[in-house]
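In case you want the letters, here they are:
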Amino acid sequence: MKKYWWKEAVIYQIYPRSFMDSDGDGIGDFQGIISKLDYLQTLGIDTIWLSPFYKSPNDDNGYDISDYQSIMEEFGTLADFKELLKEAHNRKMKLIIDLVVNHTSDEHPWFLESKKSKDNPYRDYYIWKDPKNGAKPNNWTSYFWGSAWEYDDLTEQYYLHLFTKKQPDLNWENETVRKEVYDIMRWWLDLGTDGFRIDVANMYSKVPGLPDGELGNYMTGKEHFQNGPRIHEFYREMHKEVLSHYPDVMTVGETADVPIEEAKKYTSEDRQELNMVFQFEHVTLDETDGDRWNIAKMYLPELKKILTKWQVELGKCGWNSLYWANHDQPRSVSRYGDDGQYRKESAKMLYTMLLTMQGTPYIYQGEEIGMTNMKFDHITEYPDVEIQNLWKQRVIKEKKDPHKVFAAIQYRARDNARTPMQWDESPNAGFSSGIPWIKVNPNYKEINVAESLRDPNSIFHYIQKLIKLRKENEVAIYGDFKEYYNENESLYVYLRSYEGKQMFVILNFTGESVKFFMPEEVVFVNAEPYIYNYQDYTDLGNMTVRPYEAAVYLLE
Ligand code: ISL
């Protein structure tokens, strides 16, 4: 197995809008981020991923870009970005940025041109189609509700948008579009950025003819645009044109619904496509039939089966990315742990897992202090376009039970994890001296960075220790993965092995105490775990694993 810096990195995701506001406009910014780099360094972070910071009308919080080479005014200037990059590099931290090129904003000059006329040179930058029998060209739906097609009166054609109608899909079949994308990539790499998180990375290639999708899926048409016919060709071209000329940069593709066989293709080194992808199986387990808003209960053996499968199968040829949360997912402690009585124990347990698996771990801002889901009181308090559209569709149009829909929103909304970073006990959690763009979670007086830094037993200090363990023990990064007791409904137990060293991990995913017998083949030299999440550790001879207990043993 080849070694690379990005396999050994611990990546911290910053959602700039909510991280730190330096100028009091209620919106996070680059200077705010710069002021917190030392904090991230204290945690042990060596790589930062910045969510989009480009010029944007913000229909989807910056994932709708109107100029790829300009900075969103609220965040600062290009000079601020360069300063951030320099300050990060001074601290030996890498900085990767979001590449959003499945679509642009409808206010991007390419689209403004494209919609002018059918023979405009930019027309073919997007996907325009004639009506079919007087109606939409096909039955595909958008991720953010309703049809994926929008009619344009001027030219009497429809354009495709897999997300909001302000996010028209680029036409990747057009070679000129691909060249534009590669130019943008080179431009940012030449500035010194260290790589890309690639948005919606597996949806550029649409099946020719854009056939109707199978009915009955939550997303109609997805079999015709996810991991489509030319997608691997596009990545090999991107690699040849751009990435191969910058051998030290990293890429991670965001790939919803990626089967493991496809993930192997994207990430196998010999194929020269991407370094990693984000798979979605463990974050869709609590859906019913693919419907994100019909919440299902998670069953631990199922979750383990998924996680183990990716560990055992992908590591052989590609590389995993490990995550519990990001700006599209609820807070991990509220979802997989217990954000009440066992908040600290369960957050520590979850991150014990994340940092002792094979792959590159990604920590979303605020996770390191155990931030919890936000309980907004009213639908109008959710800024996310996805939620506003969902409400219009399910409650207003379809007349579904508003209480049920609201309960699902409280559980799953992306805004749960987009509330401002909780820095201290001062007003607005120290995030801003102005009025924050989104409500601050009222629990900031108990859950905040200042408190975490004071408390030697905080989640922060525990994760800091886990990162150190990872940096000092290659077995945590490169080791093979073997699971024990896969049927157990409470515990996740595994052994990592690498060049004669072993690491044994026991995690209790429940709020109950559970009896545990050591697997016979695991031989301990030292009874004391290297890391454990209670004040004392459990004796191995007669072991009862306490609620959300976690222990990591290093075996020689
Ligand atoms: O989180 C989802 C919907 O709630 C996913 O379906 C998500 O839309 C999908 O994973 C793509 O996400 C990415 O692209 C979107 C953007 O809204 C997300 O924030 C981004 O991560 C469109 O650019």
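This is a predicted model, so every value here is computed, not measured. (Residues numbered from 1 in each chain as written. Predicted model: local features only at pLDDT ≥ 70, side-chain atom pairs only at ≥ 80, totals over all residues. Heavy atoms only, no water.)

Counting secondary structure elements, the chain contains 16 helices and 22 strands. Computed over the C-alpha atoms, the radius of gyration of the chain is 23 Å, within 12% of the 24 Å expected from 2.2 N^0.38 for a compact globule of 556 residues. Each of the 556 residues in the chain was classed as buried or not, and the buried ones make up 62%. Relative to all contacts within the chain whose residues are 6 or more apart in sequence, the contacts with residues 24 or more apart total 70%. Summing over all exposed atoms, the chain offers an accessible surface of approximately 21500 Å²; the carbon and sulfur share of this is 49%. A distance of 1 Å separates the average location of the 65 positive side-chain charges in the chain from that of its 89 negative side-chain charges. (Helix = DSSP H or I, 4+ residues; strand = E, 2+ residues; numbered from the N terminus. Rg over C-alpha atoms; globule rule 2.2 N^0.38 Å. Buried < 20%, exposed > 50% of the residue type's maximum accessible area, 1.4 Å probe, protein only. Contact = heavy atoms within 4.5 Å. Areas by Shrake-Rupley, 256 points an atom, 1.4 Å probe, with all protein chains shown as cover. Lys, Arg positive; Asp, Glu negative; His and termini not counted. Charge placed at Lys NZ, Arg CZ, Asp CG, Glu CD.)

A few words now on the sheet that holds strand S8 (residues 157-160). Pairing in this open sheet of 3 strands is antiparallel, and the strands run S6-S8-S7 from one edge to the other. Of all the strands in the sheet, the pair left with one neighbour each is strand S6 (128-129) and strand S7 (149-152). The pairing of S6 with S8 spans 2 bridges and is antiparallel. Looking at the pairing, Lys129 lines up with Tyr158 of S8. (Pairing = 2+ DSSP bridges.)

Contacts to the ligand come from 18 residues, most closely from Asp60, Glu254, Arg292, Asp328 and Glu386. Within the side chain of Asp328, one N or O atom sits 2.5 Å away from an oxygen atom of the ligand. About the coverage of the ligand: the protein hides 98% of its 500 Å² of free accessible area. Per-class residue counts for the shell around the ligand are 6 nonpolar, 3 polar and 9 charged. (Near = heavy atom within 4 Å. Polar contact = N/O pair within 3.5 Å; in protein donor to acceptor, adjacent residues only side chain to side chain. Nonpolar A, V, L, I, M, F, W, Y, C, P; charged D, E, K, R; others polar.)

Another point: the pairing of strand S2 (residues 47-50). Here S2 shows a buried face lined by Thr47 and Trp49 and a second buried face lined by Ile48 and Leu50. Strand direction decides the pairing type here: S2 and strand S5 (residues 94-99), joined by 4 bridges, are parallel. Each residue of the ladder has a partner; that of Thr47, found in S5, is Lys94.

The next subject is the sheet that holds strand S18 (residues 501-508). Pairing is antiparallel in the open sheet, where 5 strands are placed in the order S16-S17-S18-S22-S20. In the strand order of this sheet, the two ends are held by strand S16 (480-484) and strand S20 (531-532), each with one partner. Pairing of strand S17 (residues 491-498) with S18 involves 8 bridges; the strand directions are antiparallel. Paired with Arg496 across the two strands is Met503, which belongs to S18. Helix-sheet contacts for helix H11 (residues 343-354) involve S17, S18 and strand S22 (550-555), and the interaxial angle to S18 is about 150 degrees. (Axes fitted to C-alpha atoms, helices over the stretch in contact; angles between N-to-C directions.)

Split into domains, the chain comes out as domain 1 (1-52 + 72-91 + 337-375 + 414-472), domain 2 (109-160), domain 3 (175-318), domain 4 (377-412) and domain 5 (480-555). Using C-alpha coordinates to define each centre, domain 2 is positioned 55 Å away from domain 5. (Domains from an automatic or database assignment.)

Scanning the entire structure with this criterion turns up 48 salt bridges. One salt bridge connects Lys304 with Glu483, and the closest N-O pair in it is separated by 4.0 Å. Taken together, the residues Lys304 in helix H9 (residues 300-314) and Glu483 in strand S16 connect sequence positions 179 residues apart. Since its relative accessible area comes to 1%, Lys304 is described here as buried. Judged by its relative accessible area of 18%, Glu483 is buried. Of the charged contacts, one joins Glu549 and Arg546 as a salt bridge, the two residues approaching to 3.0 Å between their closest N and O atoms. (Salt bridge = Lys/Arg side-chain N within 4 Å of Asp/Glu carboxyl O.)

Taken N-terminus to C-terminus, the directions of helix H8 (residues 260-267) and H9 make an angle of 40 degrees; their axes are 11 Å apart at the nearest point. As the angle between them shows, H8 and H9 are arranged oblique. Relative to H9, H8 is oriented so that their crossing is right-handed. On H9, the residues that touch Ile260, Glu261, Ala263, Lys264 and Thr267 of H8 are Lys309, Trp310, Glu313 and Leu314. Partitioning the contact of H8 with H9 into residue classes produces 4 nonpolar, 1 polar and 4 charged. (Parallel < 35°, antiparallel > 145°, perpendicular 65-115°, else oblique. Left-handed = near helix turned anticlockwise from the far one by under 90°.)

The next point concerns the side chain of Glu483. Of note is the side chain of Glu483, whose polar atom sits 2.7 Å from the side chain of Thr308. Ignoring any residue separated from it by four or fewer positions in sequence, one finds Glu483 in contact with Lys304, Thr308, Tyr492, Val493 and Tyr494.

Glancing now at the environment of Glu512. For Glu512, the location among the structural elements is in the loop between S18 and strand S19 (514-516). Along the chain, Glu512 and Glu549 lie 37 residues apart, while their C-alpha atoms are 9.7 Å from each other. Beyond its immediate chain neighbours, meaning those up to four positions away, Glu512 contacts Val545, Arg546 and Pro547.

Here we come to the pairing of S22. Where burial is concerned, most of S22 is hidden: 5 out of the 6 residues are buried. In terms of strand pairing, S18 meets S22 through 6 bridges, oriented antiparallel. Within S22, the position partnered with Val505 by the bridge is Val552. Relative to S22, S20 is paired through 2 bridges, and the arrangement is antiparallel. The residue bridging Ile531 from the neighbouring strand is Val552, located in S22.

With that settled, the discussion passes to unusual backbone geometry. Here Trp145, not a glycine, exhibits a phi torsion of approximately 85 degrees, which is positive. Taking the relative accessible area as the measure of exposure, Trp145 reaches 16% and is therefore buried. Backbone geometry at Val200 places phi at a positive 45 degrees, although glycine is not the residue there. Its location among the elements puts Val200 in the loop between strand S9 (195-198) and helix H7 (231-241). Residue classification places Val200 among the buried positions, given a relative accessible area of 4%.

Our focus in this paragraph is the packing of helix H12 (residues 385-397) against helix H13 (residues 402-412). Viewed as axis vectors pointing N to C, H12 and H13 meet at an angle of 155 degrees, and their least axial separation amounts to 10 Å. Between H12 and H13, the angle falls in the class roughly antiparallel. Crossing geometry of H12 relative to H13 is assigned as right-handed. Listed contacts from H13 to Ile387, Leu390, Trp391, Arg394 and Val395 of H12 are Pro402, Val405, Phe406 and Ile409. For the contact of H12 with H13, the residue count by class is 8 nonpolar, no polar and 1 charged.

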